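The residues making up each chain are set out below.
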Amino acid sequence: MNGKEISKAVIRRLPRYYRYLGDLINQGVERISSGDLSEQMQVTASQIRQDLNNFGGFGQQGYGYNVKNLYEEIGKILGLDREHTMIIIGAGNLGQALANYNFAKNGFKTVAMFDNNPKFKGSVIRGIPVYMIEDLPEYLKSHRIDVATLTLPKDYAAEMATILVENGIKGIWNFAHTDLDLHLPEDVVVENVHLSESLMQLSYNLEQKQED
């Protein structure tokens, strides 16, 4: 990428390209044009070409894209060609739901969960051991963890994020109802996931459809 700054809009589309290309591989498709890909993804062919040209293009005019190669290259761009170790803070309903999902297929291996409720002490959820919150600093000292997932109430999230950062965590996947990146050092990467905002967008789009 030669140090070129890529827009956030392009980066947001990359996982979608990756998902569609993975589906094409499962269907046995070996090569696809930007036009055919645009029909499936409902993104213009010119947009696809512009997005991919940020990273070198990968296609040949009149020949299209090699689906497997493009899938692998986008995976490398997204950092999915190596394993990321992940922990989940909060073993409640949302934490358990995330533990049940197979993120390992995308390179993220959940290795531990943490909670302050004694009922979870020593338990195992989907093969993932659950520890007490007070064990977290010592655990982080002895294990390489790339990402911490927060499924905590808003009031505890900022304090927990500070503890994580102080113990070397550089990636936080935040499901708490607060924007943590406003309070953390610039070298810490935070992805805030607000489920209610997604539902509000759905509500808005429903309203627009009903008015049409």
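The structure contained in this document is the topic of the report that follows.

Definitions and limits used
Throughout, a residue's number is its position along its own chain's written sequence, starting from 1. Local features are withheld for residues below a pLDDT of 70 in this predicted model, meaning they are given only at 70 or higher, and side-chain atom pairs are given and counted only at 80 or more; totals for whole chains, interfaces and linings count all residues. Hydrogens and waters are ignored; side-chain quantities use all the structure's heavy atoms. Salt bridges are identified by distance alone: a Lys or Arg side-chain nitrogen within 4 Å of an Asp or Glu carboxyl oxygen. Think of it this way: any DSSP run of H or I at least four residues long counts as a helix, any run of E at least two long counts as a strand, and we number them from the N terminus. The cut-offs for exposure are 20% and 50% of the maximum accessible area for each residue type, with area from a 1.4 Å probe on protein chains only; residues under the lower value are buried, those over the upper are exposed, and the others partly exposed. Excluding any residue in a salt bridge, patches collect residues exceeding 30% relative accessible area, merging like charges within 9 Å and nonpolar Val, Leu, Ile, Met, Phe, Trp and Tyr side chains within 5 Å. A 1.4 Å probe and the Shrake-Rupley method give the accessible areas. Residues count as covered only by the protein chains that appear here. Contacts are assigned to residue pairs that have any heavy atoms within 4.5 Å of one another.

Observations concerning the pattern of salt bridges
Then step 1. All chains considered together, the criterion is met by six salt bridges.
Then step 2. For Arg-82, the salt bridge identified is with Asp-146, shortest N-O distance 3.9 Å. One end of the pair, Arg-82, is in the loop between helix H4 (67-77) and strand S3 (84-89); the other, Asp-146, is in the loop between helix H6 (136-142) and strand S7 (147-150), and 64 residues separate them in sequence.
Then step 3. We classify Asp-146 as buried; its relative accessible area is 16%.
Then step 4. Salt bridges here are not isolated pairs; linked through shared partners, they connect Arg-82, Arg-144 and Asp-146.

Details of a nonpolar patch on the surface
Then step 1. On the surface, a nonpolar cluster with roughly 300 Å² of combined accessible area is contributed by Leu-199, Leu-202 and Leu-206.
Then step 2. For Leu-202, the position within the fold is in helix H8 (residues 195-211).
Then step 3. Of the residues examined, Leu-202 reaches a relative accessible area of 46% and is grouped as partly exposed.

Description of the environment of Ile-145
Then step 1. Along the polypeptide, Ile-145 turns up in the loop between H6 and S7.
Then step 2. The buried category is assigned to Ile-145, whose relative accessible area is 10%.
Then step 3. Along the backbone, Ile-145 and Ala-112 are 33 residues apart, and their C-alpha atoms lie at a distance of 9.8 Å.
Then step 4. Residue contacts for Ile-145: discarding those within four places in its chain leaves Thr-85, Met-86, Ile-87, Val-111, Tyr-139, Leu-140 and Ile-169.

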